[in-house]
Amino acid sequence: MVKLTKIYTRTGDDGTTGLSDFSRVRKTDTRIEAYADVDEANSALGLAISQITDEFDSETRALLERIQNELFDVGADLATPLRDNYEYTPIRIEQSMIDALEQAIDQLNSKLDKLDSFILPGGSSLAASLHLTRTVVRRAERATWHAIDTVGNINLLTAKYLNRLSDLLFVLARVANLNHGGDVKWLPHTRR
């Protein structure tokens, strides 16, 4: 477990930051941008969770709280370069975590009507927050793929996890709107 005794260290005042293997990289490194975006996604999800009232059952709320922890796992994975050997086993995203997201998507989506239009990110404040979180997760996914393409030695499952999470957040936003008038559908200018 991490124990923080001091919040500031001044070690990053030169524009670098430490990875989990104690190597140092520039704060503008694409790997850092990826896990910073994951951190932002986690904060957005925390805001969404704080808005849950009666839209979700306790199981769905627990799912979101588990995902918050998993987003920390994604960040830890992104901060740990792939190597053949480690002194300590690193935290890694595993396929089973992606499978669990897919199962949740399938279960929740079975409660929804089929889409007959694109939907706008709105409706209830919870649904809007989940949509906002979804877009931040999409950005984190793009940043992760960029890091994979430029830095390499990154677990590909981190990007796949983020891709699937954004899908889940889309479905959850639709569920959140079930008792708030349903989906807010896009009307092209030719139909408005």
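In case you missed it, the structure is sitting above this.
This text gives an overview of the structure that appears in the document.

About the thresholds
- Residues numbered from 1 in each chain as written.
- Predicted model: local features only at pLDDT ≥ 70, side-chain atom pairs only at ≥ 80, totals over all residues.
- Heavy atoms only, no water.
- Helix = DSSP H or I, 4+ residues; strand = E, 2+ residues; numbered from the N terminus.
- Buried < 20%, exposed > 50% of the residue type's maximum accessible area, 1.4 Å probe, protein only.
- Contact = heavy atoms within 4.5 Å.
- Areas by Shrake-Rupley, 256 points an atom, 1.4 Å probe, with all protein chains shown as cover.
- Lys, Arg positive; Asp, Glu negative; His and termini not counted.
- Charge placed at Lys NZ, Arg CZ, Asp CG, Glu CD.
- Expected span 1.5 Å × (residues − 1).
- Arc of directions from axis to C-beta.
- Polar contact = N/O pair within 3.5 Å; in protein donor to acceptor, adjacent residues only side chain to side chain.
- Core = buried A, V, L, I, M, F, W, Y, C linked by side-chain atoms within 4.5 Å.

Below, the discussion takes up the overall build of the protein. When helices and strands are counted, the protein shows five helices and two strands. Each helix and strand of the protein, placed in order from N terminus to C terminus, yields the pattern β-β-α-α-α-α-α. C-alpha atoms of the protein, sized along the principal axes, occupy 55 × 40 × 30 Å. Per-residue burial for the protein yields a buried fraction of 43% across its 192 residues. Considering only residue pairs separated by 6 or more positions, the protein has 71% of its internal contacts joining residues 24 or more positions apart. Total accessible area on the protein is roughly 11,300 Å²; 53% of this is exposed by carbon and sulfur atoms. Across the protein, the 23 positively charged side chains and the 28 negatively charged ones have centroids separated by 4 Å.

On to the environment of A140, then. Inspection of the secondary structure assignment puts A140 in helix α4 (residues 125-150). With a relative accessible area of 0%, A140 lands in the buried category.

Further remarks concern helix α2 (residues 58-78). The α-helix advances 3.6 residues per turn, and as a result positions three or four apart in sequence lie on the same side. Along its 21 residues, α2 runs 30 Å from first to last C-alpha, staying within 8% of the 30 Å computed at 1.5 Å per residue. Restricting attention to buried positions, one finds in α2 the residues T60, L63, L64, I67, E70, L71, V74, G75, D77 and L78. The buried residues of α2 all sit within an arc of 150° when viewed along its axis, so they share a single face. Those residues of α2 that are exposed and aimed more than 90 degrees away from the buried face are S58, N69 and F72. On the buried face of α2, the contacting elements are α1 (30-50), α3 (95-109), α4 and α5 (156-176).

Over its 21 residues, α1 runs 30 Å from end to end, which matches the ideal 30 Å to within 8%, given 1.5 Å per residue. Looking at where α1 begins, the residue whose side-chain oxygen comes 2.7 Å from the main-chain nitrogen of R31 is D29.

Among the structural elements, T30 can be located in helix α1. Within the structure, T30 has its side chain in polar contact with the side chain of T150 (distance 2.8 Å). Ignoring any residue separated from it by four or fewer positions in sequence, one finds T30 in contact with A143, H146, A147, T150 and V151.

Taken as a class, soluble globular proteins show a tendency for nonpolar side chains to be buried jointly. Judged by nonpolar contacts, the single largest core of 48 residues is most densely connected at F56, I67, L130, Y161, L165 and L168. Mapped onto this core, the elements with two or more residues apiece are α1, α2, α3, α4 and α5. In terms of residues, this core owes the most to one element, α5, which gives 12 residues. In this structure, L168 is in contact with L63, I67, L101, A104, I105 and L108, ignoring residues within four places of it in sequence.

Once that is clear, we can look at the side chain of E70. Inspection of the secondary structure assignment puts E70 in helix α2. What makes E70 buried here is its relative accessible area of 9%. Looking at E70, its side chain comes within polar contact range of the side chain of Y161, at 2.5 Å. Apart from residues lying up to four places away in sequence, E70 is in contact with I93, M97 and Y161.

Keep in mind these numbers describe shape, not what the thing actually does.
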